[in-house]
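Here are the chains, one letter per residue:
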Amino acid sequence: MRYLYVKWVHKNPNDPVHLYSEIGDDSYERRRVEIWADGRKGFADESEEKGATLSSMKVPSLKEIAAQPEFQPKFIEAEEFQKIWLKRR
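A brief report on the enclosed structure follows. (Residues numbered from 1 in each chain as written. Predicted model: local features only at pLDDT ≥ 70, side-chain atom pairs only at ≥ 80, totals over all residues. Heavy atoms only, no water.)

The next point concerns the pairing of strand 1 (residues 2-8). The pairing of strand 1 with strand 2 (residues 18-23) spans 6 bridges and is antiparallel. Within the sheet, the bridge partner assigned to Tyr3 lies in strand 2 and is Glu22. Note: strand 1 against strand 6 (residues 71-75), 5 bridges, orientation antiparallel. Within strand 6, the residue paired with Leu4 across the bridge is Phe75. (Pairing = 2+ DSSP bridges. Helix = DSSP H or I, 4+ residues; strand = E, 2+ residues; numbered from the N terminus.)

Right, let's get into the side chain of Arg31. Locating Arg31 in the fold gives a position in strand 3 (residues 29-35). Judged by relative accessible area, Arg31 falls into the buried class, the value being 15%. (Buried < 20%, exposed > 50% of the residue type's maximum accessible area, 1.4 Å probe, protein only.)

A few words now on the nonpolar core. Counting residues in hydrophobic clusters, the biggest one holds 10 residues: Tyr3, Tyr5, Tyr20, Val33, Ile35, Phe43, Ile76, Phe81, Ile84 and Trp85. Take this core: its biggest share by element is 3 residues, from helix 2 (residues 78-86). The residues touching Trp85, leaving out its near neighbours within four places in the chain, are Arg31, Arg32, Val33, Phe43, Ala44 and Asp45. Counting residues in hydrophobic clusters, the runner-up holds 7 residues, among them Leu4, Val6, Val59 and Phe71. (Core = buried A, V, L, I, M, F, W, Y, C linked by side-chain atoms within 4.5 Å. Contact = heavy atoms within 4.5 Å.)

Throughout the structure, instances matching the rule amount to 5 aromatic pairs. Ring plane angle 40° and centroid distance 5.4 Å describe the contact between Tyr3 and Phe81, whose orientation is recorded as tilted. Of this pair, Tyr3 sits in strand 1 while Phe81 sits in helix 2, and the two are 78 residues apart along the sequence. For the pair Phe81 and Trp85, a centre-to-centre distance of 6.2 Å together with 15° between the ring planes defines the contact as stacked. Highlighted residues: Phe81 and Trp85, both in helix 2, separated by 4 residues, approximately one helical turn. On the accessibility criterion, Phe81 (0% relative accessible area) is buried. Grouping aromatic residues by their ring pairs yields a cluster made of Tyr3, Phe43, Phe81 and Trp85. Here the guanidinium or amino end of Arg88 rests over the ring plane of Phe43, the centre of that ring lying 4.9 Å away. (Phe/Tyr/Trp six-rings, centres within 6.5 Å; stacked < 30°, edge-to-face > 60°. Lys NZ or Arg CZ within 6 Å of the ring centre and 35° of its normal.)

Assignment of secondary structure puts Val33 in strand 3. Along the sequence, Val33 and Ser21 sit 12 residues apart, while their C-alpha atoms lie 6.6 Å from each other. Those residues in contact with Val33 that sit more than four places away from it in its chain are His18, Leu19, Tyr20, Gly42, Phe43, Ile84, Trp85 and Arg88.

Here it is as structure tokens:
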């Protein structure tokens, strides 16, 4: 598994600004947490979705994500993702 954090820099209040993903060895998301600027949270895993959905496409490489100027991606440790996941509700 890999764990990805992406800061999405924009001014649209309808879109999240923090994206956290757990990515399987096949490059598909397994779990996801989204956080909006006002503190709202959405999450999704393979059995439940609330305010977020898992991507049906493979997650692009870090380099591909970073090529879009509004995204600031970095890999994070499993423990950091798990802390966010446990606070998702």
